[in-house]
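Notes for the structure review
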Amino acid sequence: MKKIIVPIDFSEHSEFALKAAAKLAKKNNAELLALHMLEMSDIMLNASDGLQNQKAVFFFKLAEQKFESFLDKDYLKGIKVTPIVKHFKVFSEVNDVAKKHDADLIVMGSHGTSGVKELFIGSNTERVVRNADIPVLVLKNKLNQVNFEDVVFACDFSEESVKAYLNASKLFEKMGSKMYLVYVNLPNDRFKNSLEIERLVVNFFTKADRNLDRMKDVYYVSDYTVEDGILNFSIKMGADLIAVPTHGRKGLSHFFQGSVGEDVANHSTLPVITFKI
């Protein structure tokens, strides 16, 4: 892990993310890319008259000054921090910055949502998760440590999840984390008996690892929703982190129908990391 992106909006939650990213950077001798997106209107960005251009330059300079002050933190000392101010309007473009700088991880703070508000609030975190090609670590609280000793990886054990699993395994091995894999069985048309699930898991590991060593780390749980199964199992195991594979722009896998991946990130009190399928 050489470069970590942290989108900054000057909120308390983005500072939670910045502090966690700083700890990860120190552990991995990585560079922090602190990203602030100045959301200007199309009129201001594309204006040809001098007054609008002056306004754009003024707000850009103001953001740079505020950003510089925000990054003046003792916990960032000794870490290479590169501030980046962009006039992007949408958070989906964080992935463009990640590609340009060859970043390894995005760390984001999230308020999370609940109840009716979810129908009306467009989550910037969700936009980043859906568009990112690299892992996105989402957290809603201040983390005292980033060791992530015990990680729960939610998996449907389909062939398309192999890539996400391998990327997660590689990252958590480097971090020295213990990874538990969980399959959530639902009481509907996708219900599988124990033998069917085991066959699925055997085929998965045969393709992914070419051995069955990880079978001992697989757990089957039953619940009314995939989200509840993941969260309940993670609490039971005392997990430090939940890992979820996502399809990104193409939507979530059939195992995570609807928006379960985003729901887990929104509702979990634990940090959640997503891996692109």
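This structure is a prediction, so every number in the text was calculated from the model and none was measured.

The rules behind the values
- Per chain, residues are indexed from 1 in the order of the written sequence.
- Reporting of local features is limited, given that this is a predicted model, to residues whose pLDDT is at least 70; pairs of side-chain atoms are given and counted only at 80 or more, and all residues count toward the totals for whole chains, interfaces and linings.
- Water and hydrogen atoms were dropped before computing side-chain values, which therefore reflect all heavy atoms in the structure.
- Two rings from Phe, Tyr or Trp (for Trp, the six-membered ring) form a pair when their centres sit within 6.5 Å of each other. Planes less than 30 degrees apart are called stacked, planes more than 60 degrees apart edge-to-face, and all others tilted.
- Secondary structure elements follow DSSP: runs of H or I of four or more residues count as helices, runs of E of two or more count as strands, with numbering from the N terminus.
- Think of it in three bands: with a 1.4 Å probe and only protein chains considered, a residue is buried below 20% of the maximum accessible area for its type, exposed above 50%, and partly exposed in between.
- Only when the NZ of Lys or the CZ of Arg is both within 6 Å of the ring centre and within 35 degrees of the ring normal is a charge said to sit over the ring.
- Patch members must show over 30% relative accessible area and no salt bridge, and they are joined within 9 Å when carrying like charges or within 5 Å when they are nonpolar side chains of Val, Leu, Ile, Met, Phe, Trp or Tyr.
- Residue burial considers only the protein chains on display, and all accessible areas are found by Shrake-Rupley using a 1.4 Å probe.
- By convention in these notes, a salt bridge is any Lys or Arg side-chain nitrogen within 4 Å of a carboxyl oxygen on Asp or Glu.

1. Things to note about the packing of aromatic side chains
- Across all of its chains, the model carries 12 aromatic pairs by this definition.
- Ring geometry for F10 and F67: centres 6.2 Å apart, planes at 80°, overall edge-to-face. With F10 in the loop between β1 (3–7) and α1 (12–28) and F67 in helix α3 (residues 50–70), this residue pair connects regions lying 57 residues apart in the sequence.
- With a centroid separation of 5.3 Å and an interplanar angle of 65°, the aromatic rings of Y165 and F204 are classed as edge-to-face. Highlighted residues: Y165 in helix α6 (residues 162–175) and F204 in helix α7 (residues 194–208), separated in sequence by 39 residues.
- Overall, F204 belongs to the buried group, its relative accessible area being 3%.
- An aromatic cluster is present here, built from F153, F157, Y165, Y183, F204 and F205 joined pairwise through their rings.
- Over the ring of Y180 we find K178, and its NZ or CZ is 5.6 Å from the ring centre.

2. Examining a nonpolar patch on the surface
- Taken together, the side chains of F58, F59 and L62 make up a nonpolar region of the molecular surface, amounting to roughly 290 Å² of accessible area.
- Relative to the helices and strands, L62 is located in helix α3.

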